[in-house]
Amino acid sequence: MSRVSTYLFCALLLAACSQTPVARDADVIVVGAGIAGLAAALEASGQGAQVLLIDANSVGGGHAVKAGGFALVDTELQRSKGIQDSPDLAFGDWALRGKNPDAFWAWRYAENSARDVYDWLVGKGVGFHMILPTNEDSVPRFHFTRGTAVNAVVPLLREMLYDTNIEFRWNTRAIALSRLGGRINGVLTRNERTGVEQLYRANAVVLATGGLQNNLAEVRANWTADAAEPRRLLKGAGRFATGDGYRMAAWAGAELKNMDRQVTFNNGIPDPRDTSGEHGLLAQNPMAIWVNAVGHRFVDESANIRVVTEATRGFDDPGYWMVFDAEGARRMVVRGAPWLSRETIRDDVLHNPRITSHADTLQDLARQAGLPEHGLQTTVETWNRMVAAGEDFKFQRFSKIAPPDRTVRQIVTPPFYAMRTFPMTRKNMGGPAINHRGQMLNDKRVPIPGLYAAGELTGVAGINGSYGGAGTFLGPSVMLGRIAGTAAAEDAGVALSYRSSGARNAAGQARPGAEGYWHFDVSHKLVSERGYSCDKCHSETNPMQPAASRAILLARLDTCTLCH
Ligand SMILES: Cc1cc2nc3c(=O)[nH]c(=O)nc-3n(C[C@H](O)[C@H](O)[C@H](O)COP(=O)(O)OP(=O)(O)OC[C@H]3O[C@@H](n4cnc5c(N)ncnc54)[C@H](O)[C@@H]3O)c2cc1C
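From a predicted model like this one, the values you see are computed outputs, not experimental measurements.

A. Looking closely at the overall build of the chain. Looking only at helices and strands, the chain features 17 helices and 21 strands. Residues counted as buried form 46% of the 564 residues belonging to the chain. A separation threshold of at least 6 residues defines the contact pool for the chain, and within that pool the share at least 24 residues apart is 72%.

What follows is the structure in structure tokens.
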């Protein structure tokens, strides 16, 4: 993080503190309503804390809304499918592939993900239905809900909307932290719609703002020394992944570790509908072969991202061409924008000369794509001979022992296509150092009072090492969010034996507004003692929220006789 931005933050903060009135207090402020922030807020609220959840976006969920699966270890679903997984196996897989993973966190996650992530999410109503094998895991452990991980986010948000301990501030961007007597005690925000600045104060702050992969300047500033920096780099992360959390953490004195550990995909293409030219889409074609600038294959195309990244290290400029024919064009998959469909992929991507060259002969294709004719022709002919022989003698993508799958076909049916790919940003594996409670540490490894972090902002605590393995962001984000939320609530002085809807603190003292909760508290304590389920009282007509209408109050009357 540059000194300039740190100074700017200080200046902003000082200006804000002197001018901006304090608007309201919470026990815990969680900044960022991605899956880590949701977990943190729920957990803090569960401890009895009044939580203010702030997000720059107008909806919650962050990247999880688009993301896929969770790496989870030894879950009930695995066992029901006869998959024998164990913390040892998982830890071994991550240690083998990630360069220097954080042993404490990798082991803690391997040991506890079934209980702390899988069971917890299932308990909140999340359904996991599928486990996919990957070429990175010794056993299948990549867990999916139906569809994307939005189905893991919605039940959390639903619960939170019924939780009177949690208040939301959408379109509200945290722009600086405030500090009093060495303790972080609040967040200065700016409303993204009105521009109004507001200072919110709390006893503890959890930063869960995700990564910085939508900020190309910061991605480049932290580029690894191990690989050539690409001339063209596309953005492959969400709008608010701009790195605000890192700047705030740096201002507070946090040690930022492993910032050069970033997941960059090689198969980005420019989004043809993005006028800035910076936004990328993910292009995948299992029937394509990949060639470098001299028209030669350079890797097993089915290999994992780590192997591909290694293979492109020597390139002058990372990125390559996907080469396929008319048959392969039918298997083209492009992700990353809502407008994508079979038709728009054909018209806007495959038949868009700014993205894809196509021609009836390989010579013409090479000319249009700027590839050497001889190199490309020889590569395709060699490929076709290897497919016929059933053996990839160059990169062992298939062999007599591991026969080719149905995606392995000769490239013979015109028109032929060459699609240029570019590196595309995705995820962070570095960030502020935290202790075992999720509290941020300064460069002397001393906890910063009142400041916590969770999720991708922390580089998922180094669980991955330098390698973004399949599903190893979502699950750790949930676990880290829960840890930070619990610790922040404890730190804020709230730890209740039962859920109090925020009416009382750890010492049993009433907080302002507690009077309004006495009946709620008494009735819910009774319900929990008697072991009633929520639907004994609540229904669509009697929702779990303060009564907003006479109709709800009427429905609520029906439940009085349960206790009285
Ligand atoms: C397309 C895609 C697919 C992925 N697929 C997978 C997958 O299959 N498996 C896997 O494990 N991981 C996957 N990941 C990574 C994973 O989704 C993220 O690492 C994870 O969701 C991070 O969660 P988070 O809550 O830490 O951060 P985020 O999801 O980034 O949430 C951060 C939140 O903070 C808000 N915010 C940011 N700055 C501010 C600010 N200054 N003030 C207020 N709010 C702010 C943002 O609006 C956002 O809502 C994928 C990522 C992408 C982009």
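B. View of the confidence of the model for the chain. Across the chain, the average pLDDT comes to 88, with 87% of residues at or above 70. Predicted confidence is poor over residues 6–23, with pLDDT under 50, and the contacts of this stretch with residues over four places away or in other chains come to 28 contacts. In this model, residues 495–515 is a region of pLDDT below 50 whose contacts with residues beyond four sequence positions or in other chains number 39 contacts.

C. Structural detail: the site of the ligand. If you check the shell around the ligand, you find 37 residues, and the closest are Gly32, Gly34, Gly62, Gly210 and Gly455. Counting residues per element, the shell around the ligand draws most heavily on helix α2 (residues 35–46), which supplies three residues. Considering only residue class, the shell around the ligand consists of 16 nonpolar, 14 polar and seven charged.

D. Quick look at unusual backbone geometry. The omega torsion across Pro414 and Pro415 is 0°, close enough to zero to call that bond cis. Within the secondary structure, Pro415 is located in the loop between α13 (373–389) and β17 (416–420). Positive phi is not limited to glycine here, since Gln396 has a value of about 55°. Mapped onto the fold, Gln396 is located in the loop between α13 and β17.

E. Seen up close, helix α6 (residues 150–161). Helix length check: α6, at twelve residues, gives a terminal C-alpha distance of 16 Å against a target of 16 Å (1.5 Å per residue), a fit within 8%. Considered for burial, the residues of α6 that qualify are Ala152, Val153, Leu156 and Met160. Across the axial projection of α6, the buried residues extend over an arc of 90°, all falling on one side. Tucked into the core, α6 has its buried residues touching α2, α5 (103–123) and β6 (166–169).

F. Fine view of the sheet that holds strand β12 (residues 280–284). Read from one edge of the open sheet, four strands run β15-β12-β11-β18, paired in antiparallel fashion. Two strands close off the open sheet at either side, each with one partner strand: β15 (333–335) and β18 (422–428). Neighbour-to-neighbour, the strand axes of the sheet open up by a mean angle of 50°, direction not taken into account. For strand β11 (residues 262–270) and β18, the ladder comprises five bridges, and the chain directions are antiparallel. Counterpart to Gln262 in the pairing with β18 is Asn428.

G. Representation of the nonpolar core in the model. Within the largest apolar cluster, 134 residues are counted, with the highest numbers of intra-cluster contacts made by Val28, Ile29, Val30, Val205, Val206, Val323 and Tyr452. Counting residues per element, this core draws most heavily on helix α14 (residues 474–491), which supplies nine residues. Summarising the domain contributions, this core has at least three residues from each of domain 1 (3–259 + 429–491) and domain 2 (266–423). In this structure Val28 touches Ala44, Ala49, Val51, Ala202, Asn203, Ala204, Val206, Ala488, Ala489 and Ala492, once residues within four positions along its chain are discounted.

H. Focus on the sheet that holds strand β3 (residues 70–71). With antiparallel pairing, the three strands of this open sheet are ordered in space as β3-β5-β4. Only two strands of the sheet have a single partner each, and these edge strands are β3 and β4 (130–132). By the bridge criterion, two bridges tie β3 to strand β5 (residues 142–144) in an arrangement that is antiparallel. Bridged to Phe70 within β5 is His143.

I. Structural detail: the environment of Val122. Here Val122 shows up in helix α5. In this structure Val122 comes out as partly exposed when scored by C-beta crowding, with 16 C-beta atoms within 10 Å. Separated by 33 residues in sequence, Val122 and Pro155 have C-alpha atoms that sit 9.6 Å apart.

J. The packing of helix α4 (residues 87–97) against α5, seen in detail. Two numbers describe how α4 lies on α5: the axes approach to 8 Å, and their chain directions differ by 145°. The crossing of α4 and α5 is right-handed. Residue-level contacts link Pro87, Ala90, Phe91, Trp94 and Ala95 of α4 to Ala106, Trp107, Ala110 and Glu111 of α5. Its residues assigned to classes, the contact of α4 with α5 comprises eight nonpolar, no polar and one charged.

K. Just the environment of Ala293, in detail. Summarising the element assignment, Ala293 is placed in the loop between β13 (289–291) and α9 (305–312). Overall, Ala293 belongs to the partly exposed group, with 16 C-beta atoms counted inside 10 Å. It is 9.8 Å that separates the C-alpha atoms of Ala293 and Pro318, two residues lying 25 residues apart in sequence.

L. Structural context of the packing of helix α12 (residues 362–369) against α13. Put simply, α12 and α13 touch, their axes get as near as 9 Å, and they point 130° apart. In terms of axis orientation, α12 runs oblique to α13. The chirality of how α12 crosses α13 is right-handed. Here Leu362, Gln363, Leu365, Ala366 and Arg367 of α12 come into contact with α13, specifically with Glu373, Leu376, Gln377 and Val380.

M. Representation of α14 in the model. Across its 18 residues, α14 extends 25 Å between first and last C-alpha, which sits within 8% of the 26 Å expected from 1.5 Å per residue. The buried count for α14 comes to 17 of 18 residues, which makes it a mostly enclosed element. Positioned one or two residues after α14, Gly493 has a phi angle of 90°, which is positive.

Each value, and the rule that gives it
Residues numbered from 1 in each chain as written. Predicted model: local features only at pLDDT ≥ 70, side-chain atom pairs only at ≥ 80, totals over all residues. Helix = DSSP H or I, 4+ residues; strand = E, 2+ residues; numbered from the N terminus. Buried ≥ 20, exposed ≤ 12 C-beta atoms within 10 Å, placed from the backbone. Contact = placed C-beta atoms within 7 Å. pLDDT = per-residue confidence, 0-100. Near = placed C-beta within 6 Å. Nonpolar A, V, L, I, M, F, W, Y, C, P; charged D, E, K, R; others polar. Expected span 1.5 Å × (residues − 1). Arc of directions from axis to C-beta. Pairing = 2+ DSSP bridges. Axes fitted to C-alpha atoms, helices over the stretch in contact; angles between N-to-C directions. Core = buried A, V, L, I, M, F, W, Y, C linked by C-beta atoms within 7 Å. Domains from an automatic or database assignment. Left-handed = near helix turned anticlockwise from the far one by under 90°. Parallel < 35°, antiparallel > 145°, perpendicular 65-115°, else oblique.

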